[in-house]
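Breakdown of the fold
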Amino acid sequence: MVRGRVQGVGYRYFVIRVASEAGLTGWVSNERDGTVRCVAEGPRQSLEALLGALRDGPRGARVETVSETWLPATGSFGEFGVRSSWHGGD
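Read on for an overview of the structure. Remember, predicted model here, so these are calculated numbers, not experimental data.

Brief notes about the environment of G81
- On the secondary structure map, G81 appears in strand β5 (residues 80-82).
- As for G81 and V15, which are separated by 66 residues in sequence, their C-alpha atoms are 9.1 Å apart.
- Residues within four places of G81 in sequence aside, it is in contact with I16, G26, W27 and V28.

A look at the packing of aromatic side chains
- Within this structure, the stated rule accounts for 1 aromatic pair.
- Between Y11 and F14, the aromatic rings sit 6.0 Å apart at their centres with planes inclined by 55 degrees, giving tilted as the arrangement. Here the residue Y11 and the residue F14 both occupy positions in helix α1 (residues 11-21), the gap between them amounting to 3 residues, near one helical turn.
- Here Y11 falls in the buried class, since its relative accessible area comes to 1%.
- Judged by its relative accessible area of 13%, F14 falls in the buried class.

Describing the environment of T25
- Tracing the sequence through the fold places T25 in strand β2 (residues 25-30).
- Residue T25 is classed as buried on the basis of its relative accessible area of 17%.
- With 15 residues separating them along the chain, T25 and A40 place their C-alpha atoms 5.6 Å apart.
- Those residues in contact with T25 that sit more than four places away from it in its chain are V39, A40, E41, F77, G78, E79 and F80.

The rules behind these values
- Residues numbered from 1 in each chain as written.
- Predicted model: local features only at pLDDT ≥ 70, side-chain atom pairs only at ≥ 80, totals over all residues.
- Heavy atoms only, no water.
- Helix = DSSP H or I, 4+ residues; strand = E, 2+ residues; numbered from the N terminus.
- Contact = heavy atoms within 4.5 Å.
- Phe/Tyr/Trp six-rings, centres within 6.5 Å; stacked < 30°, edge-to-face > 60°.
- Buried < 20%, exposed > 50% of the residue type's maximum accessible area, 1.4 Å probe, protein only.

What follows is the structure in structure tokens.
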């Protein structure tokens, strides 16, 4: 979960670009409370690089905090994309 000024600044598309370039799979979404949620799978080093990018954000964003949770991979994602905040779960 990413908190701060992260909606309306191209944050999700920034995440898609960074994650796709790193070969990660998963998704990113704007949440109703103004946060951005990201679920990603891939090599640990690539995931840690994504976390660093999430903390920086794109130009125009102001990231206050990034909360991370590490779980076992499910292997259920084919690519990295955008999900609606109405997705109903992982």
